[in-house]
Amino acid sequence: VSTMNAKTSSAGEEEASGMSNETLGEAKRRQVIRVAYVIAALDLTFLFMQMGLMPYLAKSLGLDSVGFGYLQTIFGVLQLVGGYIFGRFADQFGARAALILSCASGSIFFLLLSLSTSIPLLFLSRLPGVFMHGIPGAQKVITDVTTPSQRAGALGKLGFCFGVGIIAGSAVGGVLSTKFGVYVPTYVGLVGSLINTLIAVVWIPSQTKPKSDHHVSEHSDLFSIREILRLMKFPGVMDVFIVKVFAGFPIGLFMIMFSIISMDFFGLEAVESGYLMSYFGVLQMVVQGLVVGKLASRCSEMTLLRLSVFVFAGVGLGMALMRTVWHYCIIAVPLVFAFSMLATITDSILTKAVPSSDTGAMLGICASVQPLTRTVGPTIGGVLYKQFGVSSFGYLQLMVNLGLFVFLLKSKIPLEEIKSQ
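Small disclaimer: the values here were computed from a predicted structure and weren't measured.

Peer 1: I'd like a rundown of a nonpolar patch on the surface, residues and numbers included.
Peer 2: A cluster of nonpolar side chains, L198, V201, V202 and W203, forms an exposed patch at the surface whose accessible area comes to about 380 Å². Assignment of secondary structure puts V201 in helix 9 (residues 184-203). What makes V201 partly exposed here is its relative accessible area of 34%.

Right, here's the structure in full:
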């Protein structure tokens, strides 16, 4: 064990030393991180713009609810498969190339969507989604230019970008589609994605980490089950990844069914649902911008991981007992906190647990968790809601996270706990 700790410490010191000797100065490094935030915020804004208009576009083309479900499932599967491939691409060709690929894929996506005058073209427009991974691309840039002790705080601020994307994307998409037509947001998304691509080309350095770390790993296939299994064998990785997948899964099912629940259970109109989404966006911005980073600088990451799981269990109990939308607005505060903390801390721990040449692949695997939920969620969530009601999501959340909390207390995950100074 002492030998392993020595190796881990040596690797951390070597990485930090490599960073200090890198041509990117501290000012340049901060600038690169800011540019990554801008790209992520714009990417999410355009993504939420199209999410808001998709039901209306699909309906105008004659696609029924079942067909729309297939459309969403296809997009989820493409994102699920593409997440790991994108991460491996980032490891082999660099974070800059990966971000450019993501932004360029977004441009193709919006171009095809703007030309979708029939159902087959609408389904075809989903294909570029396999490489649309703006957040993992920005995470890869940030992971490359930060030291391990800075990583959790820097990654946490990406959630602020998520809040911006929800609020701006939903609002702008709704206004544009209502006043100027359903295709206008796709034109804006096309132009915006092209601008995003240009920003990545001009402002992201071609190499964002030390040359000694920038190499192709032993297995160079972009998609390899063997590579995924190899990463999962690193000490503690499988344990943390299991927590990442299952802690938020019941909430993920609830959010997938939220459009139906908001109408049937809460009795909300479409406008009121939009206000509720904006409320979530504001909470996300506040938590990620003001809370996550400060806690990450004061507490060990394993402590914060256990805290997020414990809070998730409490959220489950609250959801099981809630009866009105006002109850849900109260529950949303700890919900957003736990969700944001879990995502940030697990990403930080997992990227530190693998060699620096595999951080892109690990981020790609992490990015596949939400698409996996979106793929299997509609079926499982539909059965839970129909058979057992809204409270079933809360009870499932409570039981799963209590089990995970006990698992984290008993397990001795051999990961170095790093606390920022």
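The structure having been displayed, the exposition proceeds.
Peer 1: Outline the nonpolar core, listing residues and values.
Peer 2: Grouped together as the largest cluster of nonpolar side chains are 64 residues, with contacts concentrated most on F254, Y328 and F393. If you tally residues by element for this core, the top one is helix 16 (residues 325-353), at 15 residues. Those residues within four positions of F254 in sequence are excluded, and the remaining contacts are I261, M319, M322, Y328, V390 and F393.

Peer 1: Residues and numbers for empty space enclosed by the protein, please.
Peer 2: Tallied over the entire structure, the rule returns two cavities of 30 Å³ or more. When its volume is computed, the second largest cavity comes out at roughly 30 Å³. Forming the walls of the second largest cavity are F86, G87, A90, P136, K140, G360, L363 and G364. Listed by contribution, the elements that provide at least two residues to the lining of the second largest cavity are helix 3 (65-93), helix 6 (134-145) and helix 17 (359-367). A class-by-class count of the residues in the lining of the second largest cavity yields four nonpolar, three polar and one charged. The residue makeup of the lining of the second largest cavity includes at least three contributed by each of domain 1 (22-206) and domain 2 (224-414).

Peer 1: How would you explain the environment of V245 if you had to name every residue and give the values?
Peer 2: Topologically, V245 is positioned in helix 11 (residues 237-247). Residue classification places V245 among the buried residues on the basis of a relative accessible area of 17%. V245 sits 128 residues away from T373 along the chain, and the two C-alpha atoms are 8.9 Å apart.

Peer 1: Talk me through the packing of aromatic side chains; I want residue IDs and the actual numbers.
Peer 2: In total, this model carries 14 aromatic pairs according to the counting rule given. Measuring from centroid to centroid gives 5.6 Å for F48 and F162, while their planes differ by 85°, and the two rings are edge-to-face. Placement of the pair is F48 in helix 2 (residues 26-60) and F162 in helix 8 (residues 158-180), with a sequence separation of 114 residues. Residue class for F48 comes out buried when judged on its relative accessible area of 13%. Using a relative accessible area of 28% as the deciding quantity, one classes F162 as partly exposed. Aromatic pair F254 and F393: ring centres 5.8 Å apart, planes at 75°, arrangement edge-to-face. With a gap of 139 residues between them, F254 in helix 12 (residues 249-256) and F393 in helix 19 (residues 391-410) connect regions that are remote in the sequence. The same class applies to F254 and to F393, which are both buried.

Peer 1: Explain the environment of M341 residue by residue, including any values.
Peer 2: Mapping M341 onto the fold places it in helix 16. Exposure remark for M341: the relative accessible area of 0% places this residue in the buried category. Each C-alpha atom of the pair M341 and G156 lies 7.8 Å from the other, and the pair is 185 residues apart in sequence. With near-sequence residues (within four places) excluded, M341 lies in contact with V292, L295, L304 and S308.

Peer 1: An account of the side chain of S340 is needed here, citing residue identities and associated values.
Peer 2: Tracing the backbone shows S340 in helix 16. In terms of polar contacts, S340 uses its side chain to reach the side chain of Q288, at 3.2 Å. Residue contacts for S340: discarding those within four places in its chain leaves Q284, V287, Q288 and V292.

Cut-offs used in this document
Residues numbered from 1 in each chain as written. Predicted model: local features only at pLDDT ≥ 70, side-chain atom pairs only at ≥ 80, totals over all residues. Heavy atoms only, no water. Patch = residues over 30% accessible without salt bridge, like charges linked within 9 Å, V, L, I, M, F, W, Y side chains within 5 Å. Areas by Shrake-Rupley, 256 points an atom, 1.4 Å probe, with all protein chains shown as cover. Salt bridge = Lys/Arg side-chain N within 4 Å of Asp/Glu carboxyl O. Helix = DSSP H or I, 4+ residues; strand = E, 2+ residues; numbered from the N terminus. Buried < 20%, exposed > 50% of the residue type's maximum accessible area, 1.4 Å probe, protein only. Core = buried A, V, L, I, M, F, W, Y, C linked by side-chain atoms within 4.5 Å. Contact = heavy atoms within 4.5 Å. 1 Å grid on protein atoms, 1.4 Å probe; cavity = no way out; pocket = protein on both sides within 12 Å on 5 of 7 lines; lining within 4 Å. Points joined across faces, edges and corners; volume = space filled by probe spheres on them. Nonpolar A, V, L, I, M, F, W, Y, C, P; charged D, E, K, R; others polar. Domains from an automatic or database assignment. Phe/Tyr/Trp six-rings, centres within 6.5 Å; stacked < 30°, edge-to-face > 60°. Polar contact = N/O pair within 3.5 Å; in protein donor to acceptor, adjacent residues only side chain to side chain.

Distances and angles like these do not, on their own, reveal function.
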